[in-house]
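Report on the structure
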Amino acid sequence: SLPAALAQGRGKRLDVEDQVLIRLALGEGEEALALLERAAAPGAAPLLVGGSNLYAEVLVARASAIQGGDPASALSLLERALHLEPSRDRSLSAHVHNLQSRLA
């Protein structure tokens, strides 16, 4: 896999954050989400990258990718992201409203 090859080239194992970001860059949102879910420990602090909750950002990216074909699932993902990262309310409210109107 690409993450394994990159880690080998660096001479060390990639962090979960690095692996998730690589998966997102490759358009592999489901794999990024699965990596985060496997790495999540109950009660652990959220993984932050650049001050943003990485799990919430992956949910937003995944919602964006599926919104055309499955608006109900996209809305659910955005609502989960907003629960994790309430500060994103302003930037995501138009997307949430758009999906809600499509489902009404």
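Every chain is numbered independently, its residues counted from 1 as its sequence is written. Whole-chain, interface and lining totals are the exception, using all residues; otherwise, since this is a predicted model, local features are given only for residues with pLDDT of at least 70 and side-chain atom pairs are given and counted only at 80 or more. Side-chain numbers come from the whole structure's heavy atoms, not from hydrogens or water.

**Describing helix H4 (residues 54-66)**
As a reminder, the rule being used: Secondary structure elements follow DSSP: runs of H or I of four or more residues count as helices, runs of E of two or more count as strands, with numbering from the N terminus. Multiplying one less than the number of residues by 1.5 Å gives the expected span of a helix. Classification of residues uses two cut-offs on accessible area relative to the type maximum, computed with a 1.4 Å probe and protein chains only: under 20% is buried, over 50% is exposed, and between them is partly exposed. By definition in these notes, contact holds between two residues if any of their heavy atoms fall within 4.5 Å. Here a polar contact is taken to be a pair of N or O atoms separated by no more than 3.5 Å, where protein atoms must pair a possible hydrogen donor with a possible acceptor and residues adjacent in sequence count only if both atoms sit in side chains.
Taking 1.5 Å of rise per residue, the 13 residues of H4 would be expected to cover 18 Å, and the 19 Å separating its terminal C-alpha atoms lies within 8% of that figure. Within the sequence span of H4, burial applies to Leu-54, Tyr-55, Ala-56, Val-58, Leu-59, Val-60, Arg-62, Ala-63 and Ile-66. Packing partners of the buried residues in H4 comprise helix H2 (16-25), helix H3 (29-39), strand E1 (48-49), strand E2 (52-53), helix H5 (71-84) and helix H6 (89-103). For H4, the N-terminal capping position is held by Asn-53, with its side-chain oxygen 2.9 Å away from the main-chain nitrogen of Tyr-55.

**Let's talk about the pattern of salt bridges**
Note the cut-off: The term salt bridge refers to a side-chain nitrogen of Lys or Arg lying within 4 Å of a carboxyl oxygen of Asp or Glu.
Counted under the stated rule, the structure contains 3 salt bridges. A salt bridge links Arg-62 to Glu-30; its shortest N-O distance comes to 2.6 Å. Taken together, the positions of Arg-62 in helix H4 and Glu-30 in helix H3 put the pair 32 residues apart, joining distant regions of the chain. Exposure remark for Glu-30: the relative accessible area of 45% places this residue in the partly exposed category.

**Comments concerning the packing of H4 against H5**
Applied cut-off: Here the axes come from fitting lines to C-alpha atoms, over the contacting stretch only for helices, and the angles between their N-to-C directions go from 0 to 180 degrees. An angle below 35 degrees is treated as roughly parallel, one above 145 as roughly antiparallel, one from 65 to 115 as roughly perpendicular, and anything else as oblique. Each helix crossing is assigned a hand: it is left-handed if the near helix lies turned anticlockwise from the far helix by less than a right angle, otherwise right-handed if that turn is clockwise. Gly is placed with the polar residues, together with every amino acid not listed as nonpolar (Ala, Val, Leu, Ile, Met, Phe, Trp, Tyr, Cys and Pro) or charged (Asp, Glu, Lys and Arg).
Axis separation between H4 and H5 bottoms out at 8 Å; the angle between their running directions is 160°. Comparing their axes, H5 and H4 come out roughly antiparallel. The handedness of the crossing between H4 and H5 is left-handed. Contacts between H4 and H5 involve Tyr-55, Ala-56, Leu-59, Val-60, Arg-62, Ala-63 and Ile-66 from the first element and Pro-71, Ser-73, Ala-74, Leu-77, Leu-78, Arg-80, Ala-81 and Leu-84 from the second. Residue composition of the contact of H4 with H5, by class: 12 nonpolar, 1 polar and 2 charged.

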